[in-house]
Amino acid sequence: MQATSRAFKENAHRALRDPDLQAALAKMRQGFVERRATVVRRLPEFDALRDQGRAIKDHTLANLDFYLARFEERVRAAGGQVHWAVDAHAARAIVLEICSKTGARTVTKGKSMIGEEIAINEHLARHGITPVETDLGEYILQLRDEPPSHLIAPAIHVTRAQIAESFREAHRDLDPARPLEEPSALMAEARGEMRARFLAADVGITGANFLIAETGSTAIVTNEGNGDLTQTLPRVHIVLASLEKLVPTLEDASTILRLLARSATGQEFSVYTTFSTGPRRPEDPDGPEEFHVVLLDNGRSRMLGTEFHEMLRCIRCGACLNHCPIYQSIGGHAYGWVYTGPMGSVLTPALIGIEEAGHLPNASTFCGRCEAVCPMRIPLPKMMRHWREREFERHLQPARMRLALKGWAFLAQRPALYRIGARIAASMLGLAGRRRGAFRSLPLAGGWTMSRDLPAPEGATFQAQWRARGRA
Amino acid sequence: MSEGRKTVMASVARALGRDGPDAAMRAELDRRLKEPRPNLIPARATLPPVQRIQLFVDMAREASATVAVLPSAKAAPGAIAEYLRRENLPPAIRIAPDPALEDLPWGDWPLLSVSRGRATGSEAVSLTHAFAGIAETGTLMLHSGPYAPTTLNFLPDTNIVLLDAGRIVGAYEEGWALLRRATGGAMPRTVNFITGPSRTADIEQTLQLGAHGPRRLHILLIDAGTTA
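Residues numbered from 1 in each chain as written. Chains lettered and ligands numbered in written order. Predicted model: local features only at pLDDT ≥ 70, side-chain atom pairs only at ≥ 80, totals over all residues.

Caption draft 1: Examining the overall build of chain A more closely. Looking only at helices and strands, chain A has 23 helices and 12 strands in total. In summary, chain A has a C-alpha radius of gyration of 25 Å against a globular reference of 23 Å for 472 residues, a match within 12%. Seen along its three principal axes, the alpha-carbon backbone of chain A occupies a region of about 85 × 60 × 45 Å. Relative to its full complement of 472 residues, chain A shows a buried share of 51%. The long-range fraction of contacts in chain A, counting pairs at least 24 apart against all pairs at least 6 apart in sequence, stands at 74%. (Helix = DSSP H or I, 4+ residues; strand = E, 2+ residues; numbered from the N terminus. Rg over C-alpha atoms; globule rule 2.2 N^0.38 Å. Buried ≥ 20, exposed ≤ 12 C-beta atoms within 10 Å, placed from the backbone. Contact = placed C-beta atoms within 7 Å.)

Set out below in structure tokens:
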């Protein structure tokens, strides 16, 4: 996927003026946030499980060499194959080769963020193989030729009228006068359309929520059941997964599963959690004959041991998006690449470069809600700060911003000067704004005052008051 | 060894600053995998049998499954015939080729047409036999094998699942322990955890049942005890 993260500001402005998107985001604030809070309250051990989840991932990452090798060994022992992909280009080539060898004409796909990251659909289509997204949200986006805007609710920005329009255009063999106003009619139509494609596909591609070193299993978590039909019916099952999906044992996966659905959709458990190990056994009545796991690095091993190491604990639940005031205001597309919200603001610069994605770590109020709800306790604000520091070190910001930051640093490192400056500024602003009590516009801060007033300071500065109270 | 593997592993080794774990560490990691230990088990998953079974029923119903309690598996064919009539479904069922299901008294219900084997896409109703039930979230655990085609769990519109109350455990981890005992540690191709019927909220965040998998999940709980 071609990144448009450089255009973040323009993207965000457009998103703020999009009434359909704003309605969808308002609904998300109620839905996801409240449901999560409810199920978390029902599980008193939730925070203790978060600590354990973090420890499991930290342990796995610290021994990633061992667990990767063991996972590969177990997949092979079960009759499957592991393919190592250094980058997106290599992963695409591997998938295409497996599909070509199979003589595949159509490929069904379960939802996979790695699939988005390596842009596998475009690659297969260019080589004459038809990819079919089977997750309802992803199918809608495929028809509309759009990227997902949310980790687990990919088509959250699309209205039902737009879906109906896309369906009428794509499903030409159906009665043009059919009613498609109700969500149930849209779902039933997608279900009907997808049936034959599930059965006809030669290859099924899924992602993975977990890779289990103990058994060589891959695991997916879905609510629709599309991932299971995708991986059970075709002759070949390909799993796309990145290195950090590894956990040691089935028990470890179970611990993190208790966090995943609750954090993601606010469900106690997702409808389908499926562990797949190798191809069908000789005596099995169904299942795929081949099982391939494509292990993607694409910059992740370079994050190990750096200040972005902890990002590798992410389980892609989307809780940080749902609770982020920035995401809640502009949705996912503004971020300009596959990963959005706070997790995207940290991960995207690591994967496509800070030159490309420099705006993203700045798209934060540092309110800290993302870290507060992250099931894996990833310090997202801290890592966004690290990106800002790198940006500064590499002179990537505009000259005026750098100058302002330098001026700020000069003052912040000289407390006495800062106190005097603050006192003078506060009393001058207080004097100038005494009549109205607030400023509607200020020189050099037009952007800030465009949408709000700055209250005029009253009385002594915070530091002065603090000191006065300390003495009292 | 492929180039890709070499490059990725070298990059991981560089980041970890080691050429694989030392002997002591390797022994510890091996042990961690050979004797998998459960982590924290929520109190909810540690109830005594009667409450545990009740929790399973409550949680399954909360996830929009329907549950009927039968005193014995022999009552299943009659209960199924009645269920299909009530739901206005055709009196035909595809059952897993499992002796425990095949040996049920189907002959007592001559109007019910019974076929055996995997699903092909044309069957409206399937009957499968759960390996276990997980009380903490009302989850069914099934696995593939000669007697258990995975397609029966996903293709038919209605999935009926027979579950013995004695197979209801508290936590997922107990399910894994049961499975390891049953298979001598080998993993079947597919292990399915199923909690309620298929659903989606992909259209304007409106929850709807029956996306691509079964629209209905009906659990026949075989329990001679006192479950509601």
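Now, onward.
Caption draft 2: Geometry of the overall build of chain B. Each helix and strand counted, chain B has six helices and 12 strands in total. Taken along its principal axes, the extent of the C-alpha atoms in chain B is 70 × 40 × 40 Å. When burial is assessed residue by residue, chain B has 46% of its 228 residues classed as buried. The contacts of chain B with a sequence gap of at least 6 include a subset with a gap of at least 24, amounting to 75%.

Caption draft 3: Summary view of the sheet that holds strand S1 (residues 81–85) of chain A. All names here are of chain A. Taken together, six strands build an open sheet; the order of strands is S1-S10-S7-S4-S2-S3 and the sheet is parallel. Two strands lie at the open edges of the sheet, namely S1 and strand S3 (130–133), each paired on one side alone. Between one strand axis and the next, the sheet turns by 25° as a mean value, whatever way the strands run. With four bridges connecting them, strand S2 (residues 106–109) and S3 associate as parallel partners. Note on S3: the bridge partner recorded for Val107 is Pro131. (Pairing = 2+ DSSP bridges. Axes fitted to C-alpha atoms, helices over the stretch in contact; angles between N-to-C directions.)

Caption draft 4: Local environment of the interface of chain A and chain B. Between chain A and chain B, the contact holds 80 residues from the first and 61 residues from the second. Of all the elements, helix H10 (residues 183–200) of chain A adds the most residues to the side of chain A that touches chain B, at eight residues. A per-class count over the side of chain A that touches chain B returns 35 nonpolar, 25 polar and 20 charged. (Nonpolar A, V, L, I, M, F, W, Y, C, P; charged D, E, K, R; others polar.)

Caption draft 5: Main features of the nonpolar core. Residues and elements named next belong to chain A. In this structure, Val294 and Met311 are the most contacted members of the largest nonpolar core, which totals 186 residues. No other element matches the eight residues that helix H12 (residues 250–264) contributes to this core. Ignoring anything within four residues of it in the chain, the contact list for Met311 reads Met303, Val346, Leu347, Ala350, Ile378 and Met383. (Core = buried A, V, L, I, M, F, W, Y, C linked by C-beta atoms within 7 Å.)

Caption draft 6: Region of the structure containing helix H2 (residues 23–34) of chain B. For H2(B), spanning 12 residues, the distance from its first C-alpha to its last is 16 Å, which sits close to the expected 16 Å at 1.5 Å a residue. Burial of H2(B) is sparse: only zero of the 12 residues sit out of reach of the surface. (Expected span 1.5 Å × (residues − 1).)

Caption draft 7: Spatial organisation of the packing of H12(A) against helix H6 (residues 172–183) of chain B. The geometry of H12(A) relative to H6(B) is characterised by a closest axis approach of 9 Å and an angle of 155° between their N-to-C directions. Judged by the angle between their axes, H12(A) and H6(B) are roughly antiparallel. As H12(A) runs across H6(B), the sense of the crossing is right-handed. Residue-level inspection shows A:Leu250, A:Glu251, A:Ser254 and A:Leu257 of H12(A) in contact with H6(B), the latter providing B:Tyr172, B:Glu173 and B:Trp176. (Parallel < 35°, antiparallel > 145°, perpendicular 65-115°, else oblique. Left-handed = near helix turned anticlockwise from the far one by under 90°.)

Caption draft 8: Broad picture of the sheet that holds strand S12 (residues 216–222) of chain B. All names here are of chain B. Across the sheet, six strands lie side by side as S1-S12-S7-S4-S2-S3; this open sheet has parallel pairing. Only two strands of the sheet have a single partner each, and these edge strands are strand S1 (66–70) and strand S3 (113–116). The sheet shows a mean angle of 25° between the axes of neighbouring strands, taken without regard to direction. Bridge analysis of strand S2 (residues 92–95) against S3 gives four bridges, and the strand direction is parallel.

Caption draft 9: Region of interest: the pairing of S2(A). Inspection of the sheet shows S2(A) paired to strand S4 (residues 203–206) of chain A by three bridges, in the parallel sense. Paired with A:Thr108 across the strands is A:Gly204, a residue of S4(A).

Caption draft 10: Region of interest: the packing of helix H4 (residues 64–77) of chain A against helix H1 (residues 3–16) of chain B. Contact geometry for H4(A) and H1(B): axes closest at 9 Å, N-to-C directions at 155°. Compared by their axis directions, H4(A) and H1(B) come out roughly antiparallel. Of the residues in H1(B), those touching H4(A) at A:Leu64, A:Asp65 and A:Leu68 are B:Met9, B:Val12, B:Ala13 and B:Leu16. Of the residues belonging to the contact of H4(A) with H1(B), the class tally is six nonpolar, no polar and one charged.

Caption draft 11: Unusual backbone geometry, seen in detail. Residues and elements named next belong to chain A. Phi is positive for Asn298, which is not a glycine, with a value near 50°. Along the chain, the position of Asn298 falls in the loop between strand S10 (290–296) and helix H13 (300–303). At Arg316, a residue that is not glycine, the phi angle is positive and equals roughly 60°. Within the secondary structure layout, Arg316 lies in the loop between H13 and helix H14 (319–322).

Caption draft 12: Quick look at the environment of A:Ile220. Residue and element names in this part refer to chain A. Residue position: Ile220 is located in strand S6 (residues 217–222). The exposure class assigned to Ile220 is buried, which follows from the 24 C-beta atoms found within 10 Å. With 110 residues separating them along the chain, Ile220 and Gly110 place their C-alpha atoms 9.3 Å apart. Those residues within four positions of Ile220 in sequence are excluded, and the remaining contacts are Gly110, Thr206, Gly207, Ala208, Asn209, Gly227 and Thr274.

Caption draft 13: Spatial organisation of the confidence of the model for chain B. Summing up the model confidence of chain B, the mean pLDDT is 96 and the portion of residues at 70 or higher is 98%. Listed scores for the predicted complex are pTM 0.94 and ipTM 0.97. (pLDDT = per-residue confidence, 0-100.)

Caption draft 14: The arrangement of the environment of A:Val239 in detail. Residues and elements named next belong to chain A. Of note, Val239 is situated in strand S7 (residues 236–242). Residue Val239 is classed as buried on the basis of its 29 C-beta neighbours within 10 Å. Put simply, Val239 and Ala416 are 177 residues apart on the chain and 60 Å apart in space, counted from C-alpha to C-alpha. The residues contacting Val239, other than those within four sequence positions of it, are Thr206, Ala208, Thr218, His292, Val293 and Val294.

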